[in-house]
Every structure is written in structure tokens, then in C-alpha cells.
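Residue-level structural notes
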Protein chains: 2
Amino acid sequence: MMNTQPTSVSEAAKSRVSVRKFTDRTLTREEILNVLDVAGRAPSAFNVQPWRVFVVQDPEVKGKLMEAAYGQPQVGAAAAVLVVTSDMEDFMANVAETVHPGMADRLDAVVANVSGTFSGMSVAERAAWGRNQTNIMLGYLLLALKEAGLGSSPMLGFVPDQVRSLLGLADHVEIPALVAIGEPAEEGFPQFRHSTDRWVTFV
Amino acid sequence: MMNTQPTSVSEAAKSRVSVRKFTDRTLTREEILNVLDVAGRAPSAFNVQPWRVFVVQDPEVKGKLMEAAYGQPQVGAAAAVLVVTSDMEDFMANVAETVHPGMADRLDAVVANVSGTFSGMSVAERAAWGRNQTNIMLGYLLLALKEAGLGSSPMLGFVPDQVRSLLGLADHVEIPALVAIGEPAEEGFPQFRHSTDRWVTFV
């Protein structure tokens, strides 16, 4: 089922649907990292890159994750579950690593400026901000999975505190989505989307 | 500068950078709609598709948009500025149109269930929820623009109320980003991203 040639952006976008049934093929770390490397190229404001992803393949942890997701079977059936999190406090403690080398000659000033911008927000406000940025990466991720020949179902139906507890995550860590992934064993429902005339206005 | 063959997802993700200088080539509506058609294939929870996009090409409106964006020159220089908005109240008034035809035989029950889920939230909570979903679409959009050979710079630096006032948008409408687009007239800065070992953990 692996793709042998690249899938174009528009082909991937137009053909990707949620898949909830998977074969029992396991995924290698390399295969998963290749996909995440593509996803992590997503832009974020100030290049913050707040996304932190946990790849759950351990059967016992996956089972507990399924419990935290109201028992939804795709969590247990997936070769891996990507717990897509956003951690702005980790960013705040490491601002310098996000500064583009092109600005290395004024690193301290850039760090002070960026830190100042975010320290004016509460932890909750920063969390909400980072969650939005992480969803841009989620868009990239879903297309990258399609290109790699993998099925995926992004999910919001879970109890965040249970997932945090399971993975030992701090309260400030946001979880924009769980994404069950694996080799597809079903076609999934066809897409049903608004035509552009419903949501595009020319000014 | 137009692409003559499809760009793969990974090629697009790895080569896309922000572009703030554009040639004076104008964009046709068809060209823009083709890109937005790809972007609008993004998934959203409950298939809500809260995104509503305003394509600003009128020079006078673009000029006022630039004022609302602290005078950032890429807004004025762009062939078009995509004002990416999210309107959950428009969704709430039209839930039935988002229900998959495969569930047509129980349309009323599905509409009641979905409406019930969201009516338990405040307008502000729904707005925050929809904004996140719209950022998934933004990820798709940036890759689709790259595939189409167009440069883009997504922006958060603007005064939302000024943009709302300019376009006649209600207060509940969220604006996750302005995206300046056009034929690129610069290469832009190279990407600078964390390697996956900084943000990926295997469990």
C-alpha cells in the first residue's frame, strides 16, 4: 500500500478521507519520522513551532488511550496514535532555539522582543495561541500521511486530563488532536464539502 | 512562474517559505478558486467547515487592509490578500448543509445532536473552537498555494476590529490569518525548523 511516487498536494487534499480501520502492519520509526519531518515544516508565527508529538505504539498505553477516547475502536486498531500536543511553556523556556540563524547577530534583542510579546499573555492565553498554530501543522500532517500511503483519523473526542495523566503531561499542555494512523483497511466515506461559492467572497 | 506539473506534499512542505515581495501579475478568480477548492478539502470535526474567506483584490480595500495590518508592505504589494475568517454562528444557522448525504435518512436527528453539542458552548467558546478548525484549513491552503506556484505570507499582525469593520463582519467572526499572495518576486528566507528529535517522543 505504500506510495512509490509522490502525491501532489491537490491529489492528496481531494482524495484524503478519514480511515478508522487498519491492517495489522506495524510502522517503523523511520516511516513515522519521515511523515513528521514533513509536517514539522509548517510555518508558525514567530517560528514558535509549539507542537510536541507523542507517538503511541505500545499496546498497553494504546489501550489506555482508547479508554480516554471513550473507547473509540480506531484508537486500539491503529498501528500508532499520534498525540498532537502544544507546549508554549516549553517554548517560553527555550525561545533562543527558534530564532532564525539569519538573525544570530541580534539574538539577544530578538529573544527579548519575542519573550516580551508572549509574557504579556497569561498561561491560558498562550496555550490557546499555541493550539491554533499547532492546528496549522495538523493540516500539513494529514496531507503528509496521505502522501505516505497511510490512513488517518484525527479526533477531538477524548478527555484531555486523562491523556495528560497517561503521558505525564503538565496541565498547561494543550492537545489539539489525537490522530490514529496505520495502513488503511477501508476506503472510508467520500468527502462532503461546501463548494467554494458557499464560503469565498471576492472583494 | 506557474507550475506545469504537480508538486508533491513533501516537496511543497519542505520548500515553502514566506514570500513578501510579489510581481505585478494579477490573479484570475479561477486561479484563486482552484487553490481554495483544494484548501477547503481540509477535514473539520463534525464536518463543520467554519472557514469563510474574503479575497481582497480591490486596491482601495487592500490599502485600508494594509493600514489595519500596521502598514506591512506585503499587504499592499500582494496581488490578493486572503482574509481567512471563521464564522461559527453562520454554521449554527445552517447545520443541515454540513451533514453527510450518507446520513440523510436521519438528518433531523444528526442536526439535533450536532446543534445540541455546540449550543452548550458560549459564542466565544464556539468562536475559539472554529478558529482552531480553520487553522487546519490554513495548513492545506499554504501547501496548495505553493503547488500553484504562488508565494504567500500568512500574518497575525493586524487589528481584528479594523478588519471586521472594513469588511462588514460581525463581532463573533474570528480572523485566524491574513494571507498575502501573488507571483513571487523574491526567494524568501530559508526554512529554520526543529529537527524531529526535539519534538517527537515514542511511547
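Calculation rules
Residues numbered from 1 in each chain as written. Chains lettered and ligands numbered in written order. Predicted model: local features only at pLDDT ≥ 70, side-chain atom pairs only at ≥ 80, totals over all residues. Heavy atoms only, no water. Contact = heavy atoms within 4.5 Å. Buried area = accessible area lost by both parts, 1.4 Å probe. Salt bridge = Lys/Arg side-chain N within 4 Å of Asp/Glu carboxyl O. Polar contact = N/O pair within 3.5 Å; in protein donor to acceptor, adjacent residues only side chain to side chain. Pairing = 2+ DSSP bridges. Helix = DSSP H or I, 4+ residues; strand = E, 2+ residues; numbered from the N terminus. Axes fitted to C-alpha atoms, helices over the stretch in contact; angles between N-to-C directions. Least-squares fit on C-alpha atoms with pLDDT ≥ 70 in both. Buried < 20%, exposed > 50% of the residue type's maximum accessible area, 1.4 Å probe, protein only. Arc of directions from axis to C-beta. Phe/Tyr/Trp six-rings, centres within 6.5 Å; stacked < 30°, edge-to-face > 60°. Core = buried A, V, L, I, M, F, W, Y, C linked by side-chain atoms within 4.5 Å.

**Quick word on the interface of chain B and chain A**
Listed per partner, the contact involves 68 residues of chain B and 68 residues of chain A. Together chain B and chain A conceal approximately 6300 Å² of surface at their shared face, both sides included; 63% is due to carbon and sulfur atoms. Our count for the chain B to chain A interface comes out at six salt bridges. The closest approach of N and O atoms between aspartate 37 of chain A and lysine 14 of chain B, which form a salt bridge, is 3.7 Å. Along the contact surface separating chain B from chain A lie 41 residue pairs in polar contact (both at pLDDT 80 or more).

**Considering the sheet that holds strand 2 (residues 80–86) of chain A**
Reading across the sheet, the five strands line up as 3(A)-4(A)-2(A)-1(A)-5(B) and stay open at both edges, with mixed pairing between neighbours. What marks the edges here is a single partner per strand, and that holds for strand 3 (151–155) of chain A together with strand 5 (200–202) of chain B. Between one strand and the next, the sheet's axes are offset by a mean angle of 20°, whatever the strand orientation. As defined by bridge partners, strand 2 of chain A adjoins strand 4 (residues 174–182) of chain A across six bridges and the pair is classed as antiparallel. By the bridge assignment, valine 81 of chain A is partnered in strand 4 of chain A with alanine 180 of chain A. Set on the sheet, helix 7 (residues 123–147) of chain A makes contact with strand 1 (51–56), strand 2, strand 3 and strand 4 of chain A; between it and strand 4 of chain A the angle comes to about 15°. The strands touched by helix 8 (residues 160–167) of chain A within the sheet are strand 1, strand 2 and strand 4 of chain A, with strand 4 of chain A carrying the most contacts at an inclination of about 75°.

**Notes on the relation of the copies chain B and chain A**
Overlay of chain B on chain A (RMSD 0.0 Å): rotation 180°, translation along the axis 0.0 Å. This pairing of chains is accounted for by a two-fold axis. A share of 100% of the interface residues of chain B reappears at the interface of chain A, consistent with the copies meeting face to face through the same patch.

**A few points about the side chain of glutamine 133 of chain A**
Secondary-structure assignment places glutamine 133 of chain A in helix 7. When sequence neighbours within four positions are dropped, the list of residues in contact with glutamine 133 of chain A reads Ser44, Ala45, Pro50 and Trp51 of chain A together with Leu156 of chain B.

**Points about helix 8 of chain A**
All names here are of chain A. Within helix 8 the residues assigned to the buried category are Val163, Arg164 and Leu167. Buried residues in helix 8, looked at end-on, bunch into an arc of 100°, giving them a common side. Exposed and oriented more than 90 degrees from the buried face of helix 8 are Asp161 and Ser165. Contacts from the buried residues of helix 8 go to strand 1, helix 3 (59–68), strand 2 and strand 4. Of the residues one or two after helix 8, glycine 168 is the one with positive phi, at around 70°.

**Quick look at the packing of aromatic side chains**
Residues and elements named next belong to chain A. On inspection of all chains with the given rule, the structure shows six aromatic pairs over all chains. Their ring planes at 80° and their centres at 5.5 Å tell us that phenylalanine 91 and phenylalanine 118 sit as a pair that is edge-to-face. In this pair, phenylalanine 91 is assigned in helix 5 (residues 88–92) and phenylalanine 118 in helix 6 (residues 107–119), connecting sequence segments 27 residues apart. With respect to class, phenylalanine 91 is no different from phenylalanine 118; both count as buried. Aromatic side chains phenylalanine 118 and tryptophan 129 sit 4.8 Å apart centroid to centroid with 75° between the ring planes, which places their arrangement in the edge-to-face category. Taken as a pair, phenylalanine 118 in helix 6 and tryptophan 129 in helix 7 lie far apart in primary sequence, 11 residues in all. Both residues of the pair, phenylalanine 118 and tryptophan 129, belong to the buried class. Grouped by ring-pair contacts, the aromatic residues Phe46, Phe91, Phe118 and Trp129 constitute a single cluster.

**What about the nonpolar core?**
General note: in soluble globular proteins, nonpolar side chains tend to be found buried as a group. Residues Leu82, Leu141 and Val179 of chain A together with Leu82, Leu141 and Val179 of chain B are the most contacted members of the largest nonpolar core, which totals 68 residues. Once residues lying within four places of it in the same chain are set aside, the contact partners of leucine 141 of chain B are Val35, Leu36, Ala39, Leu82, Val84 and Val179 of chain B.

**Thoughts on the sheet that holds strand 2 (residues 80–86) of chain B**
Spatially, the five strands line up as an open sheet ordered 5(A)-1(B)-2(B)-4(B)-3(B), and their pairing is mixed. A single partner strand is all that each edge strand has here, and the edge strands are strand 5 (200–202) of chain A together with strand 3 (151–155) of chain B. Put simply, the sheet's adjacent strands are angled 20° from each other on average, direction ignored. Direction of pairing for strand 1 (residues 51–56) of chain B relative to strand 2 of chain B: antiparallel, over a ladder of six bridges. Residue pairing for strand 2 of chain B: valine 53 of chain B is matched across the bridge by valine 84 of chain B. Together, strand 1, strand 2, strand 3 and strand 4 (174–182) of chain B form the strand contacts of helix 7 (residues 123–147) of chain B, whose direction differs from that of strand 4 of chain B by roughly 15°. Strands strand 1, strand 2 and strand 4 of chain B of the sheet are contacted by helix 8 (residues 160–167) of chain B, whose axis makes an angle of about 75° with strand 4 of chain B.

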